[in-house]
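Each chain, letter by letter, is given below.
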Amino acid sequence: MSKNLFTADFEINASKKMLYPYLNTASGLSQWFAEDVTVNEDKVYNFIWDDEDHRAKMISYRTNHYVKFQFLPEGEHDSDTEEDPAYFELRLELNELTQSVFIKITDYSVNDDQEELMDLWESMVDALKETVGG
């Protein structure tokens, strides 16, 4: 299956330093991003949505700036994901002029419904804003 790139920016009233733990830790991510998030000894994150496990590895990060997670193949039927894996990136950006912090979402997945993805990410970012008071 081909994958599609989705990007969106959301303003959030909190500092990058305050927001970052909500992007890179299992406890932070489970407060807004997934129903539950765990990390095993191999540093594989398990995101749980609708009682389904989705395993991902944090493949790059820069403290207080961004994290990027790449999803791992779920089974034999996912052999094409090894060559073109799904991923998402959460990047914190500061507008120098206004001093506003934005969270930039990059979602590369099989979901091709841009409107559905916007609604999904909006609701998750709203949950993050509520969690941090921003």
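Look above for the structure.
Residues numbered from 1 in each chain as written. Predicted model: local features only at pLDDT ≥ 70, side-chain atom pairs only at ≥ 80, totals over all residues. Heavy atoms only, no water.

**Focus: the nonpolar core**
Point 1. Among the nonpolar cores identified, the biggest contains 34 residues, and L29, W32, F33, F47, L90 and W121 are the most heavily contacted of them.
Point 2. Elements that contribute at least two residues to this core include exactly β1 (4-12), α2 (21-24), α3 (26-30), β3 (44-49), β5 (66-71), β6 (87-94), β7 (101-109) and α5 (114-132).
Point 3. Counting residues per element, this core draws most heavily on α5, at 6 residues.
Point 4. Each residue touching W121, except ones within four places of it in the same chain, is listed here: F6, F10, F33, F88, L90, I105 and D107. (Core = buried A, V, L, I, M, F, W, Y, C linked by side-chain atoms within 4.5 Å. Buried < 20%, exposed > 50% of the residue type's maximum accessible area, 1.4 Å probe, protein only. Helix = DSSP H or I, 4+ residues; strand = E, 2+ residues; numbered from the N terminus. Contact = heavy atoms within 4.5 Å.)

**Quick notes on α5**
A turn of α-helix holds 3.6 residues, and therefore any two residues three or four places apart point the same way.
Point 1. Between its terminal C-alpha atoms α5 stretches 27 Å, which fits the 27 Å expected from 19 residues at 1.5 Å a residue.
Point 2. Within the span of α5, buried status applies to L117, W121, M124, V125, L128 and V132. Down the axis, α5 shows its buried residues gathered within 100° of arc, on one side only. Of the exposed residues in α5, those oriented more than 90 degrees away from the buried face are E115 and E130.
Point 3. The inward-facing, buried residues of α5 contact β1, α1 (16-19), α2, β6 and β7.
Point 4. N-cap assignment for α5: the residue whose side-chain oxygen lies 3.1 Å from the backbone N of E115 is D113.
Point 5. Where α5 terminates, the next one or two residues include G133, which has phi positive at roughly 75°. (Expected span 1.5 Å × (residues − 1). Arc of directions from axis to C-beta. Polar contact = N/O pair within 3.5 Å; in protein donor to acceptor, adjacent residues only side chain to side chain.)

**Describing the pairing of strand β2 (residues 36-39)**
Point 1. Sheet topology note: the β2/β3 ladder contains 4 bridges and is antiparallel. Each residue of the ladder has a partner; that of V37, found in β3, is F47.
Point 2. Linking β2 back to β3 in an antiparallel pair, the connection comprises 4 residues, with K43 at a positive phi of about 65°. (Pairing = 2+ DSSP bridges.)

**Here we look at a negative patch on the surface**
Point 1. A surface patch of negative charge is lined by D112, D113, E115, E116, D119, E122, D126 and E130.
Point 2. Mapped onto the elements, D119 comes out in helix α5. (Patch = residues over 30% accessible without salt bridge, like charges linked within 9 Å, V, L, I, M, F, W, Y side chains within 5 Å. Areas by Shrake-Rupley, 256 points an atom, 1.4 Å probe, with all protein chains shown as cover. Salt bridge = Lys/Arg side-chain N within 4 Å of Asp/Glu carboxyl O. Lys, Arg positive; Asp, Glu negative; His and termini not counted. Charge placed at Lys NZ, Arg CZ, Asp CG, Glu CD.)

**Topic: the pattern of salt bridges**
Point 1. Evaluation of the coordinates by the stated rule reveals 1 salt bridge.
Point 2. Note that R91 is salt-bridged to E89, the shortest N-O span being 3.1 Å.

**A word on the packing of aromatic side chains**
Point 1. Counted by the stated rule, this structure contains 15 aromatic pairs.
Point 2. Plain terms: the ring middles of F33 and W121 are 5.6 Å apart, the flat faces sit at 35° to each other, and that makes the pair tilted. With F33 in the loop between α3 and β2 and W121 in helix α5, the pair connects residues that are 88 residues apart, well separated along the chain.
Point 3. In this structure W121 comes out as buried when scored by relative accessible area, which is 3%.
Point 4. On the numbers, 5.6 Å between centres and 15° between planes, the contact of F47 with W49 is stacked.
Point 5. A relative accessible area of 0% means that F47 is categorised as buried.
Point 6. Aromatic ring contacts, followed pair by pair, group W32, F33, Y45, F47, W49, F69, F71, F88 and W121 into a single cluster.
Point 7. In this arrangement the basic side chain of K68 is found over the ring face of Y87, its NZ or CZ atom lying 4.3 Å from the centre. (Phe/Tyr/Trp six-rings, centres within 6.5 Å; stacked < 30°, edge-to-face > 60°. Lys NZ or Arg CZ within 6 Å of the ring centre and 35° of its normal.)

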